[in-house]
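# Chain and residue survey
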Amino acid sequence: MKAKVHITLKNGVLDPQGKAVQHALASLGFEGVNDVRQGKFIELDINETDRAKAKEQVEAMCRTLLANTVIENYTVELAD
Amino acid sequence: MKAKVHITLKNGVLDPQGKAVQHALASLGFEGVNDVRQGKFIELDINETDRAKAKEQVEAMCRTLLANTVIENYTVELAD
Amino acid sequence: MKAAVIVFPGSNCDRDVAVALKASMGHMPLMVWHRDTELPLLDLIVVPGGFSYGDYLRSGAMAAHSPIMREVKTRAEQGVPVLGICNGFQILTEAGLLPGALMRNAGLKFICRDVGLTVEHSDSIFTAKYEAGQSLRIPVAHHDGNYFADEETLNRIEGNGQVAFRYAENINGSARNIAGVYNEKRNVLGMMPHPERLADPELGGTDGKPMFDALVEALS
Amino acid sequence: MTQITPEIVAQHGLKPEEYELVLQIMGREPNLTELGIFSVMWSEHCSYKSSKKWLKTLPTEAPWVICGPGENAGVVDIGDGQAAIFKMESHNHPSYIEPYQGAATGVGGILRDVFTMGARPVANVNALRFGEPSHPKTRHLVAGVVAGIGGYGNCVGVPTIAGQTSFHSSYNGNILVNAMTVGLAEKDNIFYSAAAGVGNAVVYFGSKTGRDGIHGATMASAEFSEDAEEKRPTVQVGDPFTEKLLIEACLELMATDAIVAIQDMGAAGLTSSSFEMASKGGLGIEMDLDKVPMREEGMSAYEIMLSESQERMLMVLKPGREEIARRIMEKWELDFAIVGRLTETGRMVLRRHGEIVADLPIDPLAKAAPEYDRPWVPSTKRPVVKTEDVPAKPVDEALKTLIGCPDLASKRWIWEQYDHMVMGDTTHRPGGDAGVVRVHGTRKALAVTTDCTPRYVLADPQEGGRQAVAEAYRNLCAVGARPLAVTDNLNFGNPEKPEIMGQIVEAIRGMGQACEDLDFPVVSGNVSLYNETNGQPIDPTPQIGALGLIEDISKSTSLPFKKAGQVIIKIGETKGWLGASLYLREVCGREEGAPPPVALHRERRAGEFVREQIQAGIVTACHDVSDGGILVAVAEMAMASGIGAKLHAPATLPAHAWAFGEDQGRYILTVEESDAAALMEAAQEYDLSVRIIGTTGGDSVELDGVGVAVSELRKINEGWMPQYMGATEIVA
Ligand SMILES: Nc1ncnc2c1ncn2[C@@H]1O[C@H](COP(=O)(O)OP(=O)(O)O)[C@@H](O)[C@H]1O
Ligand SMILES: [Mg+2]
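Conventions adopted
Residues numbered from 1 in each chain as written. Chains lettered and ligands numbered in written order. Predicted model: local features only at pLDDT ≥ 70, side-chain atom pairs only at ≥ 80, totals over all residues. Heavy atoms only, no water. Helix = DSSP H or I, 4+ residues; strand = E, 2+ residues; numbered from the N terminus. Rg over C-alpha atoms; globule rule 2.2 N^0.38 Å. Contact = heavy atoms within 4.5 Å. Areas by Shrake-Rupley, 256 points an atom, 1.4 Å probe, with all protein chains shown as cover. Lys, Arg positive; Asp, Glu negative; His and termini not counted. Charge placed at Lys NZ, Arg CZ, Asp CG, Glu CD. Salt bridge = Lys/Arg side-chain N within 4 Å of Asp/Glu carboxyl O. Buried < 20%, exposed > 50% of the residue type's maximum accessible area, 1.4 Å probe, protein only. Donors = N, O, S within 2.8 Å, 3.2 Å for Na, K, Ca; no water. Pairing = 2+ DSSP bridges. Axes fitted to C-alpha atoms, helices over the stretch in contact; angles between N-to-C directions. Right-handed = clockwise from strand over helix to strand, strands pointing away. Parallel < 35°, antiparallel > 145°, perpendicular 65-115°, else oblique. Nonpolar A, V, L, I, M, F, W, Y, C, P; charged D, E, K, R; others polar. Near = heavy atom within 4 Å. Polar contact = N/O pair within 3.5 Å; in protein donor to acceptor, adjacent residues only side chain to side chain. Buried area = accessible area lost by both parts, 1.4 Å probe. Least-squares fit on C-alpha atoms with pLDDT ≥ 70 in both. Core = buried A, V, L, I, M, F, W, Y, C linked by side-chain atoms within 4.5 Å. Phe/Tyr/Trp six-rings, centres within 6.5 Å; stacked < 30°, edge-to-face > 60°. Lys NZ or Arg CZ within 6 Å of the ring centre and 35° of its normal. pLDDT = per-residue confidence, 0-100. Left-handed = near helix turned anticlockwise from the far one by under 90°.

## Focus on the overall build of chain A
Counting its secondary structure elements, chain A contains two helices and three strands. Along its sequence from the N terminus, chain A presents helices and strands in the succession β-α-β-α-β. Taken over C-alpha atoms, the radius of gyration comes to 16 Å for chain A, far larger than the 12 Å a tight globule of 80 residues would show. The C-alpha extent of chain A, read off along each of the three principal axes, is 50 × 25 × 15 Å. Partitioning the intrachain contacts of chain A with sequence separation of at least 6 by distance along the chain shows that 65% fall at a separation of at least 24. Total accessible area on chain A is roughly 3,700 Å²; 45% of this is exposed by carbon and sulfur atoms. Between the mean site of the 10 positive side-chain charges and the mean site of the 12 negative ones, chain A shows a separation of 3 Å.

Structural data, given as structure tokens:
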């Protein structure tokens, strides 16, 4: 089964990368960009076929490794 | 308008981060992870209100800056 | 000889390479701010190492779009020698002046140490003072030095003699151990190792110095 | 308005007596913003209330000291109109919570302390203490902290040239991350923080202010909405790219004559920077908080004043210089705002949305911060362990155990993740006794080291305090540098416990004696207390950072043997002291005994002698003897060079005591055979014990015929850390 994980910075946590990208876009002439936030997108291919168990497993992976829960949030989606 | 950009490595491009994550998951005892690919997830808040124009604009941003098309693919989604 | 070093926000080896150039050239190069749009007549352009724009998004990506890079591209096309070191190499690939891309090191860690390098051939103004096959010891200091290009590109650049240096030992996952590449005309060189860091005996070696000496000899 | 209840006072870490003082100073009840300001200004971190009394006893003066403690960093004269500026800071707690960002922002903070004074940072150093390797959190913390230090320092482009790393169970729940920066400035262009000139503009520049790091204790306050958790990350995120711009912008502005006073925003951000500047200048400030560049909407005065967002600075400009400053900040793409003016009122008056939201007297708040003479008890002295009571294990086996133990194993895994060569002046890379960088464009060089042996300090705080300073002194002498001054980071447990307070008092006393006798004053430092988890304190760790000057880089030396057939000479007396030694701990499994005593006068003579011999140009390699004793020191010289050594111990001592005893004040030198006699003779004048102990050469390190191959030693020494860290850690 395929799982898609989105990892984003929590609200209020400074995102230096997003800030720099926003700046760069402006200097490239892209106007009207109010905000940019950069996160991670991780695709996993796992053996588990039971959806509930798969979700549980990937969430455990997020908690222990994929996300830094002090500053990041994560969401897990399973492919159909 | 909000736009979500996914940037993923092209097929055939080795993903050192994904591989390391896969390895780390295994050593943490998560079994049955066949593949991990790590990409970027960028959220933009732009002024443009016309959907077609917004999409066009964000795709231009991807081509010029956000993605390196030698190694990466991108997709753009607009929030409703 | 007139050389220029391009300075981006976040460049941090600009002074180091200027000092190495001065040691070979006798005078300081011109330091050019990234927002400038024009360059004077020049014999050599150096894109130095560092963390332009913090290496945020992708190393070199934002610097590649700096106003000055348009001018650097034009000059490169006219045949002016351009040397990109470390972040400079990343910028030149992002700007499309060199083939391939530099990805995160396979070990995912920043690596700072001396590495063994082999010179592929001495047939360029950068390597004229080295012998083909010569082994060098030159420091690296990078997080994103894992050279990637698709097979077809790799075969092509190998065939054209565009590989400049290879690592003696694969430290970062680079395809075919590639540490440095030329453009087709061999007037543009990008390399991850830092020749300017071992161009002074007090810093522990001088294997990098012949590159600067060769450039000065050819371009003066 | 929020009613100030005893709970809110307590959440702000103020004791009821302290709150009484607040009421007296204010003459009324403070509002929440004002209370928050008192709370951070009177925190242990900002006020040094438990340690001030004792810190005052440290020697801080010498003819070459330009500025001692009290400013952002210490300043020493290095000749030719140049000055070195340096300091050490801790980021212990944040690094435990979020190792990458905690360590990264620690580096960022100490860099700012140094460039604020007009110096270009030229070297970084770090001292790290982790829990035992088997503790489940240790590996993750090591990976994160090292990546964070590298991530920040590498990007900013300042080489990280030395450090210290050790592991012990006392740090299991409370690691230590101490970072030090050394900078270079022109002696007559140093910047201080005292505000001057009523009417002058108070300027904010750097990054925008967000809700980063706002004091955790204040979260429960009624004024905050329910999504407080989500809104108030207590972890700050570092932005090294902005820091790099800030360095360049500051130095560019400092080359003009625009600045009256300047101060970085460190702990307690805008509050402490503005109060310190005003208080030092005896002036007042009126600030309009609406002008503060903000990253988030709807920030309250409380949040703006207490935010610990990184990469921000505050300065006072001369009249009419606002535009020059603005242009430079715009060039470097940094935020710039005139946020206030200096007044003669001696008060801090803050406005938000047009209303006065705080009005506080500056001096009483800054200078009348509580100062405690906390009760303390002397530490119990541990008995001296007799040599004959320590089992003699085979010397070769013991050497292998020691050289591969976590504390002595090579830290290459760490320092290869740090750019230690950027700036093009690193002549002595990590792995030696001190890191060395040339003073750019001159023949001079600065040597930097950081040292402390917590097991000695635990066993006897005063002796341990002395030893930490002495070892730093020795490490500088070992590369041929004249020791100039020290900075320190006093890491201890809860000072409200008399036995911990005793450790603090005695360690400071020992440090003070050593600094006095070695003519090695303290010019800056930092105190980190309450390093405890569940009532378990860390081992007392008064970390010393030290700076030395090499007049001519061609007259320095390094640790590796240079060639075979040279004579190995030991300076300093060997009695075979095994109490509190690594041999006792790692080979015998015993953590006990009094630590080796430090004889400061002999220490000084030995240092002077070694420096003189290095100056004379006859010393080919030099290493001080510390953890693990003579045999470990010689093995380190062998491993660094690939050249072996043959040693002979005197018959008067058991081999293990001679080889692994940790008597202080010793060095190992090598010289050509033809130079040995002259050196031995010169030593007589210094009244030092000097002995030829062997010769270099061969493929192994041998003591009286018992040896281990250098290649095997290397494998063990280099192997531990990479193997321990494995490939299981991902740090983005
Ligand atoms: N965290 C670190 N960062 C950089 N260098 C380090 C670190 N930890 C240890 N080192 C280096 O490893 C070597 C050994 O450290 P240490 O045993 O403390 O030396 P010494 O006994 O001379 O004080 C030194 O060169 C030191 O600078
Ligand atoms: Mg030492």
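Alright, that's what it looks like, and here's the rest.
## With respect to the pattern of salt bridges
Opposite charge on two side chains permits pairing when their charged atoms draw close. Summed over all chains, the structure comprises 72 salt bridges over all chains. With a closest N to O distance of 3.8 Å, glutamate 72 of chain B and lysine 40 of chain B form a salt bridge. Within this pair, whereas glutamate 72 of chain B is found in strand E3 (residues 72-78), its partner lysine 40 of chain B is found in strand E2 (residues 33-46), the two being separated by 32 residues in sequence. A relative accessible area of 15% means that lysine 40 of chain B is categorised as buried. Across the pair arginine 443 of chain D and glutamate 202 of chain C runs a salt bridge, and its minimum N-O distance is 2.4 Å. With one member in each of two chains, arginine 443 of chain D in the loop between strand E15 (435-438) and strand E16 (445-451) and glutamate 202 of chain C in the loop between strand E11 (188-191) and helix H5 (209-219) form a pair that bridges those chains. Judged by relative accessible area, which is 40%, arginine 443 of chain D ranks as partly exposed. With a relative accessible area of 25%, glutamate 202 of chain C lands in the partly exposed category. Within this structure, Arg15, Asp200 and Glu202 of chain C together with Asp425, Arg438, Arg443 and Asp552 of chain D form a network of salt bridges that share partners.

## Considering the coordination of the magnesium ion (ligand 2)
Residues and elements named next belong to chain D. Protein coordination at the magnesium ion (ligand 2) comes from Asp433 (OD), Asn475 (OD1) and Asp624 (OD), with a distance range of 2.0 to 2.2 Å. In the primary structure, the donors to the magnesium ion (ligand 2) are separated according to the pattern D-x41-N-x148-D. Here aspartate 433, found in the loop between strand E14 (426-428) and E15, pairs with asparagine 475, found in helix H18 (residues 461-478); they are 42 residues apart in sequence, far enough to count as distant. The class of aspartate 433 is buried, set by a relative accessible area of 10%.

## A word on the sheet that holds strand E7 (residues 201-206) of chain D
All names here are of chain D. Strand order in the open sheet formed by seven strands is E8-E10-E7-E11-E9-E12-E13, and the pairing between neighbours is mixed. At either end of the open sheet lies a strand with only one pairing partner, and these are strand E8 (259-264) and strand E13 (355-361). Going across the sheet, the axis of each strand differs from the next one's by a mean of 20°, ignoring polarity. Pairing geometry for strand E12 (residues 347-352) and E13, over six bridges, is antiparallel. By the bridge assignment for E13, arginine 352 is matched with glutamate 355. Across the face of the sheet, helix H11 (residues 269-281) comes into contact with E8, strand E9 (284-288), strand E10 (312-317), E12 and E13 while running at roughly 25° to E10.

## Structural notes on the pairing of strand E18 (residues 522-528) of chain D
Residue and element names in this part refer to chain D. By the criterion of burial, E18 is predominantly enclosed, with seven of the seven residues buried. Taken together, the six bridges between strand E17 (residues 482-491) and E18 define a ladder with parallel strand orientation. Bridge pairing in E18 links asparagine 489 to asparagine 526. Read from E17 through helix H19 (residues 498-517) to E18, the crossover connection turns out right-handed.

## Description of the packing of helix H8 (residues 138-156) of chain D against helix H25 (residues 710-725) of chain D
Residue and element names in this part refer to chain D. Their axes nearest at 10 Å, the elements H8 and H25 cross at an angle of 105°. Taken together, H8 and H25 sit at an angle that is classed as roughly perpendicular. Where H8 abuts H25, its residues Thr138, Arg139, Val142 and Ala143 lie against Met721, Tyr724 and Met725. Class assignment for the residues of the contact of H8 with H25 results in five nonpolar, one polar and one charged.

## Describing the site of ligand 1
Residue and element names in this part refer to chain D. By nearness alone, 18 residues border ligand 1, and Asn126, Thr165, Gly431, Gly432 and Asp451 come closest of all. With respect to ligand 1, the side chain of asparagine 126 contributes an N or O atom lying 2.7 Å from a nitrogen atom. Take aspartate 451: an N or O atom from its side chain is 2.8 Å from an oxygen atom of ligand 1. Taken by itself ligand 1 offers 550 Å² of open surface, and the protein chains cover 89% of this. Listed by contribution, the elements that provide at least two residues to the shell around ligand 1 are strand E4 (120-130), strand E5 (160-167), helix H16 (412-415) and H18.

## Here's the deal with the sheet that holds strand E10 (residues 178-182) of chain C
Residues and elements named next belong to chain C. Strand order in the open sheet formed by nine strands is E2-E1-E3-E4-E11-E10-E9-E6-E7, with mixed pairing between adjacent strands. Each of the sheet's edge strands pairs with one partner strand only, and the pair in question is strand E2 (30-33) and strand E7 (135-142). Pairs of neighbouring strands in the sheet enclose a mean axial angle of 25°, with direction left out of account. The pairing of strand E3 (residues 44-47) with strand E4 (residues 82-85) spans three bridges and is parallel.

## A short note on the interface of chain A and chain B
With 30 residues of chain A at the interface, the matching set in chain B holds 30 residues. For the chain A and chain B pair, buried surface summed over both sides reaches about 2,600 Å², with 63% attributable to carbon and sulfur atoms. Our enumeration of links across chain A and chain B arrives at zero salt bridges. Where chain A touches chain B, the interface holds 13 residue pairs in polar contact (both at pLDDT 80 or more).

## Brief notes about the relation of the copies chain A and chain B
Least-squares fitting of chain A to chain B yields an RMSD of 0.2 Å, with the superposition described by an axial translation of 0.0 Å and a rotation of 180°. Read as a symmetry element, the transformation amounts to a two-fold axis. Proximity to the rotation axis, assessed at the C-alpha, singles out lysine 40 of chain A in chain A; its C-alpha lies 2.3 Å from the axis. A share of 100% of interface residues in chain A that are also interface residues in chain B marks the association as one of identical surfaces.

## Thoughts on the nonpolar core
By size, the foremost hydrophobic cluster in this structure holds 154 residues, and its most contacted members are Leu44 and Leu66 of chain B, Leu83 and Phe165 of chain C together with Phe205 and Met315 of chain D. With nine residues, the top contributor of residues to this core is helix H10 (residues 240-254) of chain D. In this view, phenylalanine 205 of chain D contacts Leu246, Cys250, Ile262, Glu311, Arg312, Met313, Met315, Met329, Asp335 and Phe336 of chain D; residues no more than four positions away in its chain are not counted.

## Here's the deal with the packing of aromatic side chains
Within the structure shown, the criterion is met by 15 aromatic pairs over all chains. Ring centres 6.0 Å apart and planes at 15° place the aromatic pair phenylalanine 89 of chain C and tyrosine 147 of chain C in the stacked group. With phenylalanine 89 of chain C in helix H3 (residues 87-94) and tyrosine 147 of chain C in strand E8 (residues 146-148), this residue pair connects regions lying 58 residues apart in the sequence. Each member of the pair phenylalanine 89 of chain C and tyrosine 147 of chain C is classed as buried. Taking 5.4 Å as the distance between ring centres and 75° as the angle between the ring planes, the aromatic pair formed by phenylalanine 167 of chain D and tryptophan 720 of chain D counts as edge-to-face. Here phenylalanine 167 of chain D, found in strand E5, pairs with tryptophan 720 of chain D, found in helix H25; they are 553 residues apart in sequence, far enough to count as distant. Among the residues examined, phenylalanine 167 of chain D registers a relative accessible area of 4% and is labelled buried. Through successive ring pairs, a cluster of aromatic residues spans Phe130, Phe167, Trp720 and Tyr724 of chain D. We note lysine 53 of chain D situated over the ring of tryptophan 54 of chain D; from NZ or CZ to the ring centre the distance is 5.0 Å. Its guanidinium or amino end placed over the ring of tryptophan 33 of chain C, lysine 331 of chain D lies 4.9 Å from that ring's centre, counting from NZ or CZ.

## So, the confidence of the model for chain D
Residue and element names in this part refer to chain D. Overall, the predicted model of chain D reaches an average pLDDT of 94, with 96% of residues at or above 70. The model gives residues 216-232 a pLDDT under 50, and that stretch makes 27 contacts with residues more than four places away or in other chains. Contacts of residues 728-732 to residues separated by more than four positions or lying in other chains number 17 contacts, the stretch itself having pLDDT below 50.

## Points about the side chain of threonine 574 of chain D
All names here are of chain D. Within the secondary structure, threonine 574 sits in the loop between strand E22 (567-571) and helix H20 (582-587). The class for threonine 574 is buried, based on a relative accessible area of 16%. Side chain to side chain, threonine 574 and lysine 570 meet in a polar contact 2.7 Å long. A polar contact of 2.8 Å, which involves the side chain of threonine 574, links it to the side chain of arginine 666. Look past the residues within four positions of threonine 574 in its chain and what remains in contact with it is Ile630, Leu653, Trp658, Asp663 and Arg666.

## Considering the packing of H10 of chain D against helix H13 (residues 322-331) of chain D
Residues and elements named next belong to chain D. Where H10 meets H13, the axes come as close as 9 Å, and the angle between the chain directions of the two elements is 150°. Classified by the interaxial angle, the pair formed by H10 and H13 is roughly antiparallel. The crossing of H10 and H13 is right-handed. Packed against H10, whose contacting residues are Ala249, Glu252 and Leu253, the element H13 presents Ile324, Ala325, Ile328, Met329 and Lys331 at the interface. Looking at the contact of H10 with H13, its residues break down into six nonpolar, no polar and two charged.

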